[in-house]
Amino acid sequence: MGVTTVTEMTDGVLHTLFRTEQGGHEQVVLCQDRATGLKAVIAIHSTALGPALGGTRFHAYASDEEAVQDALNLSRGMSYKNAMAGLGLGGGKAVIIGDPDVIKTEELLLAYGRFVESLGGRYVTACDVGTYVADMDVVARETRWATGRSPENGGAGDSSVLTAFGVFQGMRASAQHLWGDPTLRGRKVAVAGVGKVGHYLVEHLLEDGAEVVITDVREESVRRILDKHPQVTAVADTDALIRTEGLDIYAPCALGGALNDETVPALTASIVCGAANNQLAHPGIEKDLADRGILYAPDYVVNAGGVIQVADELHGFDFDRCKAKATKIFDTTLEIFTRAKSDGIPPAAAADRIAEQRMADARAAKAAQAATPAADPS
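Overview of the structure.

## Brief notes about the packing of aromatic side chains
All told, the structure shown has two aromatic pairs when counted by the stated rule. Their ring planes at 65° and their centres at 5.7 Å tell us that Tyr 80 and Tyr 300 sit as a pair that is edge-to-face. Taken as a pair, Tyr 80 in helix α2 (residues 64–84) and Tyr 300 in helix α12 (residues 299–302) lie far apart in primary sequence, 220 residues in all. Taking the relative accessible area as the measure of exposure, Tyr 80 reaches 6% and is therefore buried. Ring centres 6.4 Å apart and planes at 70° place the aromatic pair Phe 317 and Phe 319 in the edge-to-face group. Sitting over the ring of Tyr 132, Lys 196 keeps its end group 4.6 Å from the ring centre.

## Quick look at the packing of helix α14 (residues 319–327) against helix α15 (residues 329–343)
Two elements in contact, α14 and α15, have axes separated by 5 Å at closest approach and are oriented at 20°. Considering their axes alone, α14 and α15 lie roughly parallel with respect to each other. Seen from α14, the contacting residues are Lys 325, Ala 326 and Thr 327; seen from α15, they are Ile 329, Phe 330 and Asp 331. Considered class by class, the residues forming the contact of α14 with α15 number three nonpolar, one polar and two charged.

## Overview of the packing of α2 against helix α16 (residues 347–371)
As a packed pair, α2 and α16 sit with axes 9 Å apart at the nearest point and diverge in direction by 85°. Put simply, α2 runs roughly perpendicular to α16. Contact with α2, carried on its side by Ser 79, Tyr 80, Ala 83 and Met 84, involves Ala 351, Asp 352, Ile 354, Ala 355, Glu 356, Arg 358 and Met 359 of α16 and no other residues of that element. Residues belonging to the contact of α2 with α16 are distributed by class as follows: seven nonpolar, one polar and three charged.

## Details of the pairing of strand β8 (residues 211–215)
Burial of β8 is extensive: four of the five residues sit out of reach of the surface. Across five bridges, the pairing between strand β7 (residues 188–192) and β8 is parallel. Across the sheet, Ala 190 pairs through a bridge with Val 213, a residue of β8. Regarding the hand of the β-α-β motif, the stretch spanning β7, helix α7 (residues 198–207) and β8 is right-handed. Taken together, the two bridges between β8 and strand β9 (residues 233–234) define a ladder with parallel strand orientation. By the bridge assignment, Ile 214 is partnered in β9 with Ala 234. Taken together, β8, helix α8 (residues 219–228) and β9 constitute a β-α-β crossover, and its handedness is right-handed.

## Details of the pairing of strand β4 (residues 56–59)
For β4 and strand β5 (residues 90–97), the ladder comprises four bridges, and the chain directions are parallel. Within β5, the position partnered with Thr 56 by the bridge is Ala 94. Between the parallel elements β4 and β5, the chain passes through α2 in a crossover that is right-handed.

## Quick word on the pattern of salt bridges
Between side chains of opposite charge, pairing is possible as soon as their charged atoms come close. Tallied over the full model, the rule gives 20 salt bridges. Asp 128 is the partner of Lys 93 in a salt bridge, and the nearest nitrogen-oxygen pair spans 2.9 Å. Of this pair, Lys 93 sits in strand β5 while Asp 128 sits in the loop between β6 (123–124) and α5 (133–139), and the two are 35 residues apart along the sequence. Lys 93 gets classed as buried once you look at its relative accessible area, which sits at 3%. Linked by salt bridges that have partners in common, Arg 57, Asp 70, Lys 93 and Asp 128 make up one network.

Each value, and the rule that gives it
- Residues numbered from 1 in each chain as written.
- Predicted model: local features only at pLDDT ≥ 70, side-chain atom pairs only at ≥ 80, totals over all residues.
- Heavy atoms only, no water.
- Phe/Tyr/Trp six-rings, centres within 6.5 Å; stacked < 30°, edge-to-face > 60°.
- Helix = DSSP H or I, 4+ residues; strand = E, 2+ residues; numbered from the N terminus.
- Buried < 20%, exposed > 50% of the residue type's maximum accessible area, 1.4 Å probe, protein only.
- Lys NZ or Arg CZ within 6 Å of the ring centre and 35° of its normal.
- Axes fitted to C-alpha atoms, helices over the stretch in contact; angles between N-to-C directions.
- Parallel < 35°, antiparallel > 145°, perpendicular 65-115°, else oblique.
- Contact = heavy atoms within 4.5 Å.
- Nonpolar A, V, L, I, M, F, W, Y, C, P; charged D, E, K, R; others polar.
- Pairing = 2+ DSSP bridges.
- Right-handed = clockwise from strand over helix to strand, strands pointing away.
- Salt bridge = Lys/Arg side-chain N within 4 Å of Asp/Glu carboxyl O.

What follows is the structure, given as structure tokens:
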């Protein structure tokens, strides 16, 4: 039987980390606990602004390489998200490899918690796709660096609540910028993915008077919406959703890569604003959207409500304080559109510039402080 060397397995990952613009991560930890079946990746992209905060994704990846790449992409996005949200936190992300419906156990989550604790607070975890509040309660039994816990255990509860609220604020800002009015009343909005975040977003849209069209790979998620709101329309899949006639706004709220070379040319919407992370499948898609006259609200800006919520646990959770911070996503989104127009670049590039400058300023301030001689106590 042939033996695959570590070099052979990780060459693509090492190339990304050390030789491309998408790298630059401070630390990547591969975690394995054979007794519980845990295989996880913790990626810390930046601690320039503070400890790296980001959720734990539990997913059945096609390969270990794909899992590592997802952790790298997601952690980088968290650095930008936390910077734009005005949090004193850096960016990190973790993925647990495997089908959570099959391998998730209390023992596995406890083992994962021990790995998080071993990083000494450089990484703070929370919920993501495939992990829930109850899971973070278990993880927190082994580490103090777990947020997104239940209120009974001193946490903020479901971060999807403010994630959806923040996306709604981003939509309002997009409507203000494009149509001069921050309301979605009378607008047709398509939501792809009505699970953890999407179903809360649908509630906001309906309350504001929008016409809503949905799709989801899980029939039970669609049925939950239709049973409660029969005025909502459901279509078979995302392909049908993006081609919906008369669409004003498209909200990708499932997994990443929703905006790609196939979907962007087919979009009928004037605005894209959704909760999914890493919506742009590759660099250049943001320009394709702009060339088509489609206004793109950067995903990591508008979906920051959840991270605002879980970050507040580190200071003693207060929901009203968090909601007030998440409301500011409206102003931040408008700021990005203004910067994009003045610089002649797509909004995604404008958001990146602002976030990168904030991180660079923080690194420079740390370097200056380290170079300053300590005062003579005498």
